[in-house]
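Per-entry structural report
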Amino acid sequence: MTSTARTRQREHTRRILLHETRALFAAKGYATVGLSEIVTAAGVTKGALYHHFDSKTDLFRAVLAEVQEEIGAHVAAAADAEPDPWTQLSAGCAAFLRACADPLIQRILLIDGPAVLGWHEWRAMDDAHSARHLHEALQSLVDAGVLAPQPIAPLTRLLSGAMNEAALWLATTTDPDALTSTIAALDRLLDGLRVT
């Protein structure tokens, strides 16, 4: 087998492992999924799994990063579709909440993420995938005079925390109108930040 073919095979195995593990973690939760179940679903050996990932936790970390990257791309696409910085912020925040309303995302991102990796690592990953973009959006709104001049770092944390808490609530509520109500509340919260 050539080096290129081996590289493609390794990449294929890694993609399969991530895909199958993500489906299992989303459906059953991290704690109830064993390595034997993962390798069976992926059609690989434990040796192949350990070639790519040091542990089940390392595999979970990669799945979580993939989920966060997808949400980030979804949020960016929603924001980029809007004509001005204010509606970009609003659309991006709403897109985040919509993505987090998906039960397959909720378990990995919001429930198991902090529990498996610990709050500090989960928060660092969240910062790496989303806080920087929120910070930049808020800074551009301050620069444009849409928001009053203020320190951006605490504002970013406040809004990020509010959206994460809302997403956690969406993960546990049975209210069928919860997502619509949450986005409406978020819009009112954001409107309160605007310079009048």
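Structural data are supplied above this passage.
Residues numbered from 1 in each chain as written. Predicted model: local features only at pLDDT ≥ 70, side-chain atom pairs only at ≥ 80, totals over all residues. Heavy atoms only, no water.

This next bit is on the pattern of salt bridges. A complete count under the given rule lists 9 salt bridges for this structure. Arg 61 is paired through a salt bridge with Glu 121; the nearest N and O atoms lie 2.4 Å apart. Of this pair, Arg 61 sits in helix 4 (residues 56–80) while Glu 121 sits in helix 7 (residues 119–143); the two residues are 60 residues apart in sequence, bridging distant segments of the chain. One network of salt bridges, in which partners are shared, links Arg 123, Asp 126, Asp 127 and Arg 157. (Salt bridge = Lys/Arg side-chain N within 4 Å of Asp/Glu carboxyl O. Helix = DSSP H or I, 4+ residues; strand = E, 2+ residues; numbered from the N terminus.)

Counted at 1.5 Å a residue, the expected span for helix 5 (residues 85–100) with its 16 residues is 22 Å, and the 23 Å between its end C-alpha atoms agrees. Most of helix 5 sits out of view: 12 of its 16 residues are buried. Looking only at helix 5, the buried set comprises Trp 86, Leu 89, Ser 90, Ala 91, Gly 92, Cys 93, Ala 94, Ala 95, Phe 96, Leu 97, Ala 99 and Cys 100. Considering only its buried residues, helix 5 is in contact with helix 4, helix 6 (103–117), helix 7, helix 8 (152–172) and helix 9 (178–191). The backbone nitrogen of Trp 86 lies 3.0 Å from a side-chain oxygen of the residue at the head of helix 5, namely Asp 84. (Expected span 1.5 Å × (residues − 1). Buried < 20%, exposed > 50% of the residue type's maximum accessible area, 1.4 Å probe, protein only. Contact = heavy atoms within 4.5 Å. Polar contact = N/O pair within 3.5 Å; in protein donor to acceptor, adjacent residues only side chain to side chain.)

The geometry of two aromatic rings is summed up by the distance between their centres and the angle between their planes. Per the counting criterion, the structure on display carries 4 aromatic pairs. Their ring planes at 55 degrees and their centres at 5.5 Å tell us that Phe 25 and Phe 60 sit as a pair that is tilted. Highlighted residues: Phe 25 in helix 1 (residues 3–28) and Phe 60 in helix 4, separated in sequence by 35 residues. The two residues Phe 25 and Phe 60 agree in class, both being buried. Centroid distance Trp 119 to Trp 122: 5.2 Å. Interplanar angle 35 degrees. Geometry classified as tilted. Of this pair, Trp 119 and Trp 122 both sit in helix 7, 3 residues apart, roughly one helical turn. Overall, the relative accessible area of 3% leaves Trp 122 in the buried class. Members of the aromatic cluster, joined through ring pairs, are Phe 25, Tyr 30 and Phe 60. Taking NZ or CZ as reference, Lys 56 lies 4.2 Å from the ring centre of Tyr 30, over its face. (Phe/Tyr/Trp six-rings, centres within 6.5 Å; stacked < 30°, edge-to-face > 60°. Lys NZ or Arg CZ within 6 Å of the ring centre and 35° of its normal.)

Generally speaking, nonpolar side chains in soluble globular proteins are found buried as a group. The biggest cluster of nonpolar side chains holds 55 residues, and the ones touching the most others in it are Ile 38 and Leu 109. Only helix 1, helix 2 (35–42), helix 4, helix 5, helix 6, helix 7, helix 8 and helix 9 provide two or more residues apiece to this core. Leu 109 has contacts with Leu 64, Val 67, Gln 68, Ile 71, Cys 100, Pro 114 and Trp 122, leaving out every residue within four places of it along the chain. (Core = buried A, V, L, I, M, F, W, Y, C linked by side-chain atoms within 4.5 Å.)

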